[in-house]
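If you want the building blocks of each chain, they are given just below.
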Amino acid sequence: MGTTSLETVLRCLQEAGFPADTAYPGQKLPQISEAVAAFHIHEINSSKQAETIEVSILCPAHMGGAACEEAALRATAALQAAGASCIQKGCQYETLAQLYRVAVFATFTQAPEEETSEPGFQIRLD
């Protein structure tokens with residue numbers, strides 16, 4: 001069985017130095033003391049054979065928005081190296097959580113499967 005996009009994203013982010021995990025709504029937000037990443041499936045487009053993963057880079061307020069944007073650039077570069085087409089959004093401040101957040105949308109596409117050709121012989125009568 002092949003590697004899923006979520007597994008690819010997790011591996012890329014961890015190799016880039018991010019504590020990372022899939023996002024599960026409804027869980028208690030952990031205390032964040034450094035740049036971290038959470039991600040989930042944003043969209044699956046079966047007609048284009050594409051899957052878009054939204055990666056949220058989160059930084060505590062004391063680090064500032066610029067540090068969050070730089071961390072997001074590092075995540076974007078790691079995801080692009082893994083074959084994703086990425087869009088990085090601007091930095092936002094999450095007031096209640098006292099975190100800066102940058103969203104990165106990483107789109108992975110599957111190459112169309114090649115048609116199998118018939119065997120390389122023909123039969124002719126008369």
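Structure: see above.
Residues numbered from 1 in each chain as written. Predicted model: local features only at pLDDT ≥ 70, side-chain atom pairs only at ≥ 80, totals over all residues. Heavy atoms only, no water.

(A) How the structure looks around helix α2 (residues 65–81). Across its 17 residues, α2 extends 24 Å between first and last C-alpha, which sits within 8% of the 24 Å expected from 1.5 Å per residue. All of the buried residues in α2 are Gly-65, Cys-68, Ala-71, Ala-72, Ala-75, Thr-76, Ala-78 and Leu-79. Mapping the buried residues of α2 onto a view down its axis gives an arc of 165 degrees, with all of them on the same face. For α2, the exposed residues lying more than 90 degrees away from the buried face are Glu-70, Leu-73 and Ala-81. Close packing links the buried residues of α2 with α1 (5–15), β3 (50–60), β4 (85–94) and β5 (99–109). Phi turns positive, to about 100 degrees, at Gly-83, one or two residues after α2. (Helix = DSSP H or I, 4+ residues; strand = E, 2+ residues; numbered from the N terminus. Expected span 1.5 Å × (residues − 1). Buried < 20%, exposed > 50% of the residue type's maximum accessible area, 1.4 Å probe, protein only. Arc of directions from axis to C-beta. Contact = heavy atoms within 4.5 Å.)

(B) Molecular detail of the pattern of salt bridges. If you walk through the whole model with that rule in mind, you get two salt bridges. The salt bridge partner of Arg-11 is Glu-15, with a shortest N-O separation of 3.6 Å. Of the two residues, Arg-11 and Glu-15 are both situated in helix α1; the distance of four residues between them amounts to about one turn of the helix. Under the relative-accessibility criterion, Glu-15 is labelled exposed at 61%. (Salt bridge = Lys/Arg side-chain N within 4 Å of Asp/Glu carboxyl O.)

(C) Just the nonpolar core, in detail. Membership of the largest hydrophobic core comes to 24 residues, with the highest contact counts inside it found for Val-9, Leu-13, Phe-18, Val-55, Ile-57 and Leu-79. When contributions to this core are tallied by element, the ones reaching two or more residues are α1, β2 (36–45), β3, α2 and β5. Of the residues forming this core, the biggest block, six residues, is contributed by α2. Non-local contacts of Val-55, meaning those with residues more than four positions away in its chain, are made with Val-9, Leu-13, Ala-37, Ala-38, Phe-39, Leu-79, Val-102, Ala-103 and Val-104. (Core = buried A, V, L, I, M, F, W, Y, C linked by side-chain atoms within 4.5 Å.)

Treat this as a map of the structure, not an account of what it does.
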